[in-house]
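Listed here are the chains, written in short residue letters.
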Amino acid sequence: MKTLRKTSLVSMLIALSFLIGCKDKVQSNQDVDESVNVSYTEEDLYRPSLHFTPKEAWMNDPNGMFYYNGYYHLYFQHYPDGNVWGPMHWGHAISTDMVTWKEMPIAIFPDEKGYIFSGSAVVDVNNTSGFGKGGGQPIIAMFTYHDVEGEKAGKTNYQSQAIAYSLDEGQTFTKYSGNPVIKNPDIKDFRDPKIVWDSIHEKWLMVLAAGQKIMFYSSSNLKDWKLESDFGDGIGAHGGVWECPDFFPMVVQGTDEIKWVLLVSINPGGPNGGSATQYFVGDFDGKQFTIDPSFEKDLNSSEHKSIWIDYGRDNYAGVTWANIPDTDGRKLFMGWMSNWHYAQDVPTETWRSAMTVAREVELKKNETGYRLLSKPIKELTNYRSTKYKKENVAIKGDTKIIASDDIDLASAEVNFNISDLKDKGFTFKLTNKEGDTLAFGYNNSDESFFVDRRKSGKTDFSEKFASHVSKAKRTSLNPDLTGTIILDKTSIELFFDNGETVMTEIFFPNSPFDKLSIEPNDQEFVLGNIEIHKLNIN
Ligand code: FRU
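Just so it is clear, the model here is predicted, and its values are computed rather than measured.

1. Considerations on the overall build of the protein
- For the protein, the helix and strand inventory stands at four helices and 33 strands.
- Against the globule reference of 24 Å for 538 residues, the protein gives a C-alpha radius of gyration of 23 Å, in line with a compact fold.
- Sorting the 538 residues of the protein into buried and exposed places 61% on the buried side.
- Roughly 21,300 Å² of accessible area belongs to the protein as shown, and the carbon and sulfur atoms make up 48% of that amount.
- If you average the places of the 56 positive and of the 75 negative side-chain charges in the protein, the two averages end up 2 Å apart.

Here's what the structure looks like:
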């Protein structure tokens, strides 16, 4: 009873601070006088509405995501004293729907053992760790200590794994006195622990990036970890260091079959350069992950000997939420919407970078094979306002679809379909009065989707940003194409073929894009259906 009261008091305090935070947000949006056409502030032009950004300073990977008592928690790699990477902290934000976020005080600070690198958090429901008091459920975070002094001294063992616990629902954490819980076995890149409760084998599992492999550990109490096996030698993409893994079982949609999915981020070596996240589908016997033979065959015949959760250049280090209730049952994913190639140079000063929209991932076995499909979470549809809908649009020359007099395109969702795609190549263009253009679409000649940000506005802050057109081979064998596009001032998230091929890219126009048009690549065709919703945050 006592614990119950304590927990609900904590929840009430979190709720109160969340409401105050949301009010601030509405207030500040109302302060903007849109009738005054002055030069844009960084906030107006580049701060996304539907994506999490830190109020100030540097952010990279999402960390420690879990759901508890009505709140989605998101922690993030954060350097609060600068707008480039630096001594890492865990920043913190909460949300009731993964769209509107309230930033909370920093949750974990670096100390004499090192910077607080990426990791995960779980709700220790049965208090297996013993950190819970009076029947309470502790939150356990696991992260990598990065010992900068050790690195400078030329050692190889400067990264180790540590835990911290929270008794106030993830607001503050106490570091465990027995840290590190996993010492470094003399491996230079040894980081990013992701814990998952394995309900099949009834134990905690943890996956860790170790050089060019993933190491699998297990535990009964979250403090003592046993190395079980590793995976990755000679399989998948190895163009850069392996980082930020995630590992979870999924029911293959429409069947009773369970397969395990391993996510592995890699930097550089992504399909379009720099950072990206590949995945593997297979089986797990409680100790060893074995790739499914059919998936291995698909990998070997794929373009880069790898299959990616997102082929764009701006979705990195993404992992999934812990403790989503069975009544919900979704696998929810979020990534960092940037790329180490240029993340520290993008033209925002107050803050740097945003997360992707939260996505629901599903595992399907379709004509292509086992594939992870991603789609924007359904909560986003609650933000829909003005709607535009047209059917059977003849695409001849450059055909205007919509301008911002009809719908403000800054934050919007576009859904479209084209039946019998075959030879129908097309290019969508977002343009503004300055002549900036973001082009994207489908190339029928090489059967690939593309995003071209070469003329999208500010691009010269890094040679790598607009060096080429990003491409993703279409893998779906479906004769018809569906597409969902999420736009939010500086980002485009493209979900083709129900999320079988995804491309996420950022851009920085000189003024807001105010027109969307489409043109055929060679032959004219009819766009079956196009539906556009403005997405309103307040
Ligand atoms: C991935 C990464 C992680 C590391 C963190 C440091 O972007 O390099 O491997 O823990 O960033 O900020």
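2. Concerning the site of the ligand
- Taken together, the residues surrounding the ligand are Asn60, Asp61, Gln77, Trp85, Met88, Phe117, Ser118, Arg191, Asp192, Glu243, Tyr316 and Trp340.
- Within the contact set of the ligand, an oxygen atom lies 2.7 Å away from a side-chain nitrogen or oxygen of aspartate 61.
- The side chain of tryptophan 85 places a nitrogen or oxygen atom 2.9 Å from an oxygen atom of the ligand.
- Here the ligand, which alone exposes 320 Å², has 96% of that area covered by the protein.
- Elements with a contribution of two residues or more to the shell around the ligand: β1 (57–68), β5 (115–123) and β9 (190–198).
- Here the residues of the shell around the ligand are counted per class, giving five nonpolar, three polar and four charged.

3. What to know about the sheet that holds strand β19 (residues 351–352)
- An order of β4-β3-β2-β1-β19 is seen for the five strands of this open sheet, with the pairing classed as mixed. This sheet does not close on itself; its edge strands, each paired only once, are β4 (102–108) and β19.
- Of the strand pairs in this sheet, strand β3 (residues 89–95) and β4 are connected by four bridges, and their pairing is antiparallel. Residue pairing for β4: tryptophan 90 is matched across the bridge by isoleucine 108.

4. Some points on the confidence of the model for the protein
- Averaged over the protein, the pLDDT score is 93; the fraction of residues at 70 or greater is 94%.
- In the model, residues 1–6 has pLDDT below 50 throughout and makes four contacts with residues more than four positions away in sequence or in other chains.
- Of the regions scoring below 50 in pLDDT, residues 22–37 engages in seven contacts with residues more than four places distant in sequence or in other chains.

5. Let's talk about the side chain of serine 476
- Take serine 476: it is sitting in the loop between β28 (470–473) and β29 (481–488).
- Assessed through its relative accessible area of 10%, serine 476 is described here as buried.
- A polar side-chain atom of serine 476 sits 3.1 Å from the main-chain amide nitrogen of asparagine 478.
- The contact partners of serine 476, leaving out residues within four places of it in the chain, are Thr368, Asp497 and Glu500.

6. Points about the domain arrangement of the protein
- Once the domains are mapped, the protein shows domain 1 (57–376) and domain 2 (379–535).
- One C-alpha centre belongs to domain 1, the other to domain 2, and the line joining them spans 30 Å.
- Facing 35 residues of domain 1, the contacting portion of domain 2 comprises 35 residues.
- Along the contact surface separating domain 1 from domain 2 lie four salt bridges.

7. As for the layout of surface pockets
- Put simply, the second largest pocket is a space of about 1,000 Å³.
- Those elements that provide at least two residues to the lining of the second largest pocket are β5, β9, β13 (241–251) and β20 (359–366).
- Looking at the lining of the second largest pocket, its residues break down into 20 nonpolar, eight polar and eight charged.

8. Observations concerning the environment of proline 509
- Inspection of the secondary structure assignment puts proline 509 in the loop between β31 (501–506) and β32 (515–520).
- Among the residues examined, proline 509 registers a relative accessible area of 2% and is labelled buried.
- Apart from the residues within four sequence positions on either side, proline 509 is in contact with Leu45, Tyr46, Asn432, Asp436, Ser456, Gly457 and Lys489.

9. Overview of the pattern of salt bridges
- On inspection of all chains with the given rule, the structure shows 32 salt bridges.
- Here glutamate 228 ties to lysine 287 by a salt bridge, and the two come within 3.2 Å at their closest N and O atoms. You can see glutamate 228 sitting in strand β12 (residues 226–231) and its partner lysine 287 sitting in the loop between β15 (276–284) and β16 (289–291), a full 59 residues away along the chain.
- Assessed through its relative accessible area of 18%, glutamate 228 is described here as buried.
- Salt bridges here are not isolated pairs; linked through shared partners, they connect Asp189, Arg191, Asp192 and Glu243.

10. A look at the sheet that holds β28
- Taken in spatial order, the six strands line up as β23-β32-β25-β26-β27-β28 in an open sheet, and their pairing is antiparallel. Where the open sheet ends on each side, the last strands, each with one partner, are β23 (399–403) and β28. Neighbour-to-neighbour, the strand axes of the sheet open up by a mean angle of 15°, direction not taken into account.
- As defined by bridge partners, β23 adjoins β32 across four bridges and the pair is classed as antiparallel. Its bridge partner being in β32, lysine 400 is matched across the sheet by serine 517.

11. Here we look at unusual backbone geometry
- Cis geometry is adopted by the peptide bond preceding proline 180, which originates at asparagine 179 and carries an omega value of -5°.
- Even without a glycine there, the phi angle at cysteine 244 is positive, about 40°.
- Looking at where cysteine 244 falls in the secondary structure, it is placed in strand β13.
- For cysteine 244, a relative accessible area of 5% puts it in the buried group.
- Even without a glycine there, the phi angle at alanine 317 is positive, about 60°.
- Examined against the element boundaries, alanine 317 turns out to sit in strand β17 (residues 316–320).
- Residue class for alanine 317 comes out buried when judged on its relative accessible area of 1%.

Calculation notes
- Just so you know, the residues in each chain are numbered from 1, in the order the chain's sequence is written.
- Residues qualify for local features only when their pLDDT is at least 70, as the model is predicted, and side-chain atom pairs are given and counted only at 80 or more; totals for whole chains, interfaces and linings, by contrast, use all residues.
- Just so you know, side-chain values use all the structure's heavy atoms and leave hydrogens and water out.
- Helix numbering and strand numbering both begin at the N terminus, where a helix is a DSSP run of H or I of at least 4 residues and a strand a DSSP run of E of at least 2.
- Here the globule rule is a power law, 2.2 Å times the number of residues to the power 0.38, and the radius of gyration is based on C-alpha atoms.
- Only protein chains enter the area calculation, which uses a 1.4 Å probe; residues under 20% of their type maximum are buried, those over 50% are exposed, and those in between are partly exposed.
- Accessible surface is estimated by sampling points in the Shrake-Rupley manner with a 1.4 Å probe; for residues, cover comes only from the protein chains shown.
- Within this scheme the basic residues Lys and Arg register as positive and the acidic residues Asp and Glu register as negative, but His and the chain ends are omitted.
- In plain terms, the charge of a residue is placed at NZ if it is Lys, CZ if Arg, CG if Asp and CD if Glu.
- Each residue is tested against the molecule or strand, and it is near if at least one of its non-hydrogen atoms lies within 4 Å.
- Whenever two N or O atoms come within 3.5 Å, that pair is a polar contact, provided that in protein one can donate a hydrogen and the other can accept it, and provided that, for residues adjacent in sequence, both atoms are side-chain atoms.
- When residue character is reported, Ala, Val, Leu, Ile, Met, Phe, Trp, Tyr, Cys and Pro are called nonpolar, Asp, Glu, Lys and Arg charged, and the others, Gly included, polar.
- Two strands are counted as paired when DSSP detects at least two bridges linking them.
- Looking at any residue, its pLDDT shows the predictor's confidence there, from 0 to 100.
- Any two residues whose heavy atoms approach within 4.5 Å at even a single point are treated as in contact.
- A domain assignment, automatic or from a database, supplies the domain bounds used here.
- By convention in these notes, a salt bridge is any Lys or Arg side-chain nitrogen within 4 Å of a carboxyl oxygen on Asp or Glu.
- Here a cavity denotes a set of grid points, spaced 1 Å apart and computed over the protein atoms alone, in which a 1.4 Å probe fits but from which it cannot get out, and a pocket denotes an open set meeting protein on both sides within 12 Å along at least five of seven lines; residues with an atom within 4 Å of a point are reported as lining.
- Grid points are joined across faces, edges and corners, and a volume is the space filled by probe spheres set on the points.
- Interaxial angle, 0 to 180 degrees, is taken between N-to-C directions of lines fitted to C-alpha atoms, where a helix line uses only the stretch in contact.

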